[in-house]
Structures are given as C-alpha cells and as structure tokens.
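Chains, contacts and geometry: an overview
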Amino acid sequence: MPENQLWFSPYDWSRSYVLPESVACNVPRRGNLDDLGAWNVARGVLVELCRALPATPVSLLYDEPVQRRDWTRIAIRVTARARRRDGRDVIVIYRSERTDAPPWPDFWSVAVNGFIPASGRDVRRPSPPWIAHTAAQTLRDELGH
C-alpha cells in the first residue's frame, strides 16, 4: 500500500459517520473539519450500533457533564438510542472521563439498557465499533442467543 494511504487525514473524520435527518440529535449530523472529534465518536456509536444489531437510529445525545473551571477534568457522555426490528429500543450510554491533575484518574464505561458490561480505568478508550459489538453481544446474552 502506498505510504500516503497509511495515514488518516482530517477528511477521514469529517466523512466517517453521517446521521440521517430522521435522527433527533444535538450534534451536527455530518462532520466538518472544525468539529470536535468527540462528536464524530458520538455519531459513530449510533451508526455502529445500528450496523451491529441491526437497528434503525432514533436519537443521539452528546453531553459534557459539569467540567472543572480550570479544565483539569474533561468528561463526555454519549446516549445513543436505536430501534431493533422487533420494535424494542436499545439505549447505549458511553461515558469517558479524564483529568490532567494528580492522581490522573481516567475512566470509561459502556452501559446497555442500564447494564454496564464494560468499563476501564486506563487511557485507551474503546472505538465505536467495539462499543457496538459489546452492546450486541450483551443483548445476545440477555436474550439467550
């Protein structure tokens, strides 16, 4: 593969995940070069969830819980709602918190319909496809499939 195809460009992020107009959301439905990367992660969680289940996207809420005034604590919360073919909704909540002050606690979690099947205390955050796979596997286990 040519070397120039090995690296991501800013355009990869702007076209990665696009939401349909029918989705109720509080972030842009399509990425732009000046957007927050966290918005693309939020869109990615919903799009990948719909691919993994399969399901139809319903809504997406991106939130930044109360931040410290000195910006040493950064937190995001993504709430993605999708409707499965059987008509039941699936709600996935992805949370990520990081601080830039001692003791530098980093935390992330994934909740599926109120159950938390995965969480961690390290700097490596799960990707949207991994979050979706975790949700799909959790639902399979729940339904016994």
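A brief structural summary. (Residues numbered from 1 in each chain as written. Predicted model: local features only at pLDDT ≥ 70, side-chain atom pairs only at ≥ 80, totals over all residues. Heavy atoms only, no water.)

**Topic: the packing of aromatic side chains**
- One pass over the full model with this rule turns up one aromatic pair.
- Residues Trp-108 and Trp-130 carry aromatic rings whose centres are separated by 5.8 Å and whose planes lie at 90° to one another, so their mutual orientation is edge-to-face. In this pair, Trp-108 sits in strand β5 (residues 107–112) while Trp-130 sits in helix α3 (residues 128–143), placing the two residues 22 residues apart along the sequence.
- A relative accessible area of 8% means that Trp-108 is categorised as buried. (Phe/Tyr/Trp six-rings, centres within 6.5 Å; stacked < 30°, edge-to-face > 60°. Helix = DSSP H or I, 4+ residues; strand = E, 2+ residues; numbered from the N terminus. Buried < 20%, exposed > 50% of the residue type's maximum accessible area, 1.4 Å probe, protein only.)

**Focus on the sheet that holds strand β6 (residues 115–120)**
- With mixed pairing, six strands are arranged side by side in an open sheet as β1-β2-β3-β4-β5-β6. With partners counted over all chains shown, the strands left at the sheet margins are β1 (24–25) and β6, one partner each.
- Relative to strand β4 (residues 89–99), strand β3 (residues 73–84) runs antiparallel, the two being bridged by 11 bridges. Looking at the pairing, Thr-79 lines up with Ile-93 of β4.
- Here helix α2 (residues 37–52) sits on the sheet in contact with β2 (55–63), β3 and β4, set at roughly 155° to β2. (Pairing = 2+ DSSP bridges. Contact = heavy atoms within 4.5 Å. Axes fitted to C-alpha atoms, helices over the stretch in contact; angles between N-to-C directions.)

**Structural notes on the pattern of salt bridges**
- Taken as a whole and assessed by the stated rule, the structure comprises seven salt bridges.
- Between Arg-77 and Asp-63 there is a salt bridge, with its nearest N and O atoms 2.3 Å apart. On the criterion of sequence distance, the pair formed by Arg-77 in strand β3 and Asp-63 in strand β2 is long-range, its members being 14 residues apart.
- Arg-77 gets classed as partly exposed once you look at its relative accessible area, which sits at 30%. (Salt bridge = Lys/Arg side-chain N within 4 Å of Asp/Glu carboxyl O.)

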